[in-house]
Amino acid sequence: MTIHAEGLVAIVIFYVLILFVGIWAAWKNKNAGVSDGGDRSESIMVGGRDIGLFVGGFTMTATWVGGGYINGTAEYVYLPDFGLAWAQAPFGYALSLVVGGLFFAKPMRSRGYVTMLDPFQQLYGKRMGGLLFIPALMGEIFWSAAILSALGATLSVIVDININMSVVISALIAIFYTLVGGLYSVAYTDVVQLFCIFLGLWISVPFALSNPAVSDISVTAKEAIYQSPWLGKIEPADIWLWADNFFLLMLGGIPWQVYFQRVLSASSATYAQVLSFIAAFGCLVMAVPSVLIGAIGASTDWNQTTYGTRPPKDKDESDMILPIVLQHLCPPYISFFGLGAVSAAVMSSADSSILSASSMFARNIYHLAFRQSASDREIVWVMRFTIFVFGALATSMALLTGSVYGLWYLSSDLVYVIIFPQLLSVLFVKGTNTYGSVAGYIFGLLLRIGGGEPYLKLPPFIYYPGWVNQKKIHHLTGNAEYFVQQRFPFKSVSMLASFLANVAFSYLTKYLFESGTLSHKYDFLDAVVSKHSKEIMDKATLVSNHDNIILSEMAPVKQGLGASLAGTFINTEVLSDDGGSSPEAFHNEN
């Protein structure tokens, strides 16, 4: 077993840097949001609501820009059958942040929520909040597992060491500083993460471009030299499939706790919108070096490199094209610097998902659903315990599950199909209730699962119009794999069906109960007749005259900005909401 000393040193340096920054951020802000009477648990979840412009812009960008984002973008640009036309993540997630900033950030932040599940539990009850927690948790855990799995593959390119050991060490570092500092540590390490990615990749790109084995990428963009042009194209038969995937990224990228954790940590609603727009620009900027590296991989004569005679696509290693380009087309010192930075960035990406999952469990499941009398100290310890448990679960899945990417694809689809229409309903449609929410949940789940999932070898039981049988050849083994491809935009149709079912069943049950067609005793969910029952949410209050929701007891917002961040990085006069970001202010407006 060969150990590349330079690569090992580079990894250790970057890992120590991120660990140091995480611990320093926790120490620096240990009393933020608490000294003025706030809860420690809320400070861990939303950082005392005083995340500034500099740190906030970086951490909001890092919502999606991490190891999976840069590796995936490079992979799709490189793949012969896809190319830049199918590398949808940069534009999809950028538009997701724009849409989120325009329509979702302000109502969520202005009402003083602490997690994404708060409005669901208020309006639909704690049981429905628990059901919606399932796809949200799956998305966060599987995303963390996919990131750690990719990390193991990346490290195997840099240093020939035990992959399992490297993944475990990386996960332990991320879990440790998240345990210590919560959102503050996550936010500050995000700054280092994005800086590492930007610097590491941009230093490497000029050296890779100037390698003698690489042809002019402006030529290979349109002409087939070593493989089909890397710009790619969308066949007429694939337009609906392309559109379905694009809307999945653009709209399905909104209802994630990792995004709303940043939104809810902003000092005001307007400020949350500004951070979303900054992050949208950041997503596009951070994708540029990955696109170039994918194009370089498609323009390389691999016979002239140390990689071997067969290109990565013929070895089923297209998913590792970014570390392969850095390793084999750059000088060793540049290669190790770039790969070390990327590895550290991948490791740092897992922390926010683990924190998001533990925040939702500690607050919405443990505290609000089971132990309303729990003390703040108790909630903090539940958070710390679940950070460790969810981190260990994600690590185990990364090491033991071969289909972790398939699990993440399916769970991200469920977030889009189930949670997004529920979020639309709870924020923008008056009159929806728990019966409609349950109906929408079931409709979305059945229609999505019915379409199958090739990554998990899950066959469809609903064959949508335009389905075709596809054949995939595994180059290393020569085995052929057959699967059903749904070219109909069934994910978006499932999402719309879920939304319409929510609205239709809500108004139907409302009419049936209020007209007397159904006896009040059958309102077993207390969603129509007993709408103001304490069963809906012990600490929540519904405004009787307006159907608007406030959280006067559930999530008090302290407007005093912590000097540690706000005084350094924000102009509070320009970006303030004049006190309109608290639940009390929202109540007074109505």
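How each quantity is defined
- Here the residue index of a chain counts from 1 through its sequence in written order.
- Totals for whole chains, interfaces and linings use all residues, but because this is a predicted model, local features are given only for residues with pLDDT of at least 70 and pairs of side-chain atoms are given and counted only at 80 or more.
- Neither water nor hydrogens contribute to the side-chain values; these are computed over all heavy atoms in the structure.
- By the criteria applied, helices consist of DSSP H or I runs no shorter than four residues and strands consist of E runs no shorter than two, each listed in order from the N terminus.
- For the exposure calls, accessible area comes from a 1.4 Å probe over protein chains only, and a residue counts as buried if that area is under 20% of its type's maximum, exposed if over 50%, partly exposed in between.
- Here, residues are in contact when the closest pair of their heavy atoms is within 4.5 Å.
- All accessible areas in this document rest on Shrake-Rupley with a 1.4 Å probe, and a residue is counted as covered only by the protein chains that are shown.
- Without a salt bridge and with relative accessible area above 30%, a residue can belong to a patch; like charges are then joined within 9 Å and nonpolar side chains (Val, Leu, Ile, Met, Phe, Trp, Tyr) within 5 Å.
- Think of a salt bridge as a Lys or Arg side-chain nitrogen and an Asp or Glu carboxyl oxygen that are within 4 Å of each other.
- Expected span of a helix: the number of residues minus one, times 1.5 Å.
- Two N or O atoms count as a polar contact when they lie within 3.5 Å, although within protein this holds only if one can serve as hydrogen donor and the other as acceptor, and sequence-adjacent residues are included solely when both atoms are side-chain atoms.
- Residue-level confidence of the predictor is summarised by pLDDT, bounded by 0 at the bottom and 100 at the top.
- Here, axes are lines fitted to C-alpha atoms. For helices the fit covers the stretch in contact, and angles between N-to-C directions go from 0 to 180 degrees.
- By definition in this entry, angles of less than 35 degrees are roughly parallel, angles greater than 145 are roughly antiparallel, angles of 65 to 115 are roughly perpendicular, and the rest are oblique.
- Residues are grouped as follows: nonpolar covers Ala, Val, Leu, Ile, Met, Phe, Trp, Tyr, Cys and Pro; charged covers Asp, Glu, Lys and Arg; every other residue, Gly included, is treated as polar.
- Take the buried residues of types Ala, Val, Leu, Ile, Met, Phe, Trp, Tyr and Cys, join any two whose side-chain atoms come within 4.5 Å, and each joined set is a nonpolar core.
- Aromatic rings from Phe, Tyr and Trp, taking only the six-membered ring of Trp, are treated as a pair when their centres fall within 6.5 Å; an angle between ring planes under 30 degrees marks them as stacked, one over 60 as edge-to-face, and anything in between as tilted.
- Only when the NZ atom of a Lys or the CZ atom of an Arg is both within 6 Å of the ring centre and within 35 degrees of the ring normal do we say a charge sits over the ring.

## Looking at the overall build of the protein
Then comes step 1: Helix and strand counts for the protein stand at 21 helices and four strands.
Then comes step 2: Taking all 590 residues of the protein together, 58% fall into the buried category.
Then comes step 3: Relative to all contacts within the protein whose residues are 6 or more apart in sequence, the contacts with residues 24 or more apart total 81%.
Then comes step 4: Counting every atom, the protein has about 23,000 Å² of accessible surface; 66% of that belongs to carbon and sulfur.

## Observations regarding a nonpolar patch on the surface
Then comes step 1: A contiguous nonpolar surface patch, about 390 Å² in accessible area, is contributed by Leu-102, Phe-103, Phe-277 and Phe-428.
Then comes step 2: Locating Phe-103 in the fold gives a position in helix α5 (residues 89-110).

## Notes on helix α18 (residues 434-450)
Then comes step 1: In this model α18 runs 24 Å from its N-terminal to its C-terminal C-alpha over 17 residues, within 8% of the 24 Å that 1.5 Å per residue would give.
Then comes step 2: Regarding α18, the residues found buried are Thr-434, Tyr-435, Gly-436, Ser-437, Ala-439, Gly-440, Tyr-441, Gly-444, Arg-448 and Gly-450.
Then comes step 3: Between a side-chain oxygen at the N-terminus of α18 and the backbone nitrogen of Tyr-435 the separation is 3.1 Å; the capping residue is Asn-433.
Then comes step 4: The first or second residue beyond α18 is Gly-452, which carries a positive phi of 80°.

## Focus on the pattern of salt bridges
Then comes step 1: Evaluated as defined, the whole model comprises 10 salt bridges.
Then comes step 2: Here Lys-313 and Asp-314 are joined by a salt bridge, their closest N and O atoms 3.5 Å apart.
Then comes step 3: Judged by relative accessible area, which is 22%, Asp-314 ranks as partly exposed.
Then comes step 4: In this structure, the salt-bridge partner of Lys-491 is Asp-413, at a minimum N-O distance of 3.4 Å. Placement of Lys-491 in helix α19 (residues 490-514) and of Asp-413 in helix α17 (residues 404-428) is noted, with a sequence separation of 78 residues between them.
Then comes step 5: The exposure class of Lys-491 is buried, given its relative accessible area of 14%.
Then comes step 6: Residues joined in a network through salt bridges with shared partners are Asp-413, Arg-448, Glu-453 and Lys-491.

## Things to note about the confidence of the model for the protein
Then comes step 1: Across the protein, pLDDT averages 82, with 85% of residues at or above 70.
Then comes step 2: Taken element by element, the protein is modelled with least confidence in helix α20 (residues 566-569), mean pLDDT 34, and with most confidence in α18, mean pLDDT 96.
Then comes step 3: Under a pLDDT of 50 for its full length, residues 532-590 has, in the predicted model, 136 contacts with residues more than four places off or in other chains.

## What to know about the packing of helix α11 (residues 239-252) against α19
Then comes step 1: Viewed as axis vectors pointing N to C, α11 and α19 meet at an angle of 50°, and their least axial separation amounts to 7 Å. It follows from the interaxial angle that α11 and α19 lie oblique. Facing Asp-244, Asn-245, Phe-247, Leu-248 and Leu-251 of α11, the residues of α19 in contact are Phe-490, Lys-491, Ser-492 and Met-495.
Then comes step 2: Here the residues of the contact of α11 with α19 are counted per class, giving five nonpolar, two polar and two charged.

## Let's talk about the nonpolar core
Most often, soluble globular proteins keep nonpolar side chains buried together rather than apart.
Then comes step 1: Phe-120, Phe-260 and Leu-423 are the most contacted members of the largest nonpolar core, which has 145 residues in total.
Then comes step 2: Tallying contributions element by element places helix α7 (residues 126-158) first for this core, with 14 residues.
Then comes step 3: Those residues within four positions of Phe-120 in sequence are excluded, and the remaining contacts are Gly-125, Leu-132, Ile-419, Gln-422, Leu-423 and Val-426.
Then comes step 4: Of all hydrophobic cores here, the second largest spans five residues; its members include Tyr-435, Phe-513, Leu-525 and Val-528.

## Structural notes on the packing of aromatic side chains
Then comes step 1: Under the counting rule described, the total for this entry stands at 24 aromatic pairs.
Then comes step 2: With a centroid separation of 5.5 Å and an interplanar angle of 85°, the aromatic rings of Trp-64 and Trp-256 are classed as edge-to-face. Of the two residues, Trp-64 is situated in the loop between α3 (53-61) and α4 (67-78) and Trp-256 in the loop between α11 and α12 (257-265); the sequence distance between them amounts to 192 residues. Taken individually, Trp-64 and Trp-256 each receive the classification buried, so the pair is uniform in this respect.
Then comes step 3: Grouping aromatic residues by their ring pairs yields a cluster made of Trp-64, Tyr-93, Trp-143 and Trp-256.
Then comes step 4: Taking NZ or CZ as reference, Lys-315 lies 4.3 Å from the ring centre of Tyr-307, over its face.
Then comes step 5: Positioned over the ring face of Trp-381 is Arg-384, at 4.9 Å from the centre of the ring.

## A few points about the packing of α4 against helix α14 (residues 321-329)
Then comes step 1: Direction vectors running N to C along α4 and α14 enclose 85°, while the axes themselves pass 8 Å from each other. Regarding the angle of α4 to α14, the classification is roughly perpendicular. Between α4, through Ile-70, Asn-71, Ala-74, Glu-75 and Tyr-78, and α14, the contact on the second element is made entirely by Ile-321, Leu-322 and Pro-323.

## Some points on the environment of Thr-59
Then comes step 1: Turning to its location among the elements, Thr-59 is positioned in helix α3.
Then comes step 2: Note on Thr-59: relative accessible area 3%, which makes it buried.
Then comes step 3: Separated by 130 residues in sequence, Thr-59 and Thr-189 place their C-alpha atoms 8.4 Å apart.
Then comes step 4: Among residues more than four places away in sequence, those in contact with Thr-59 are Ala-187, Asp-190 and Arg-262.

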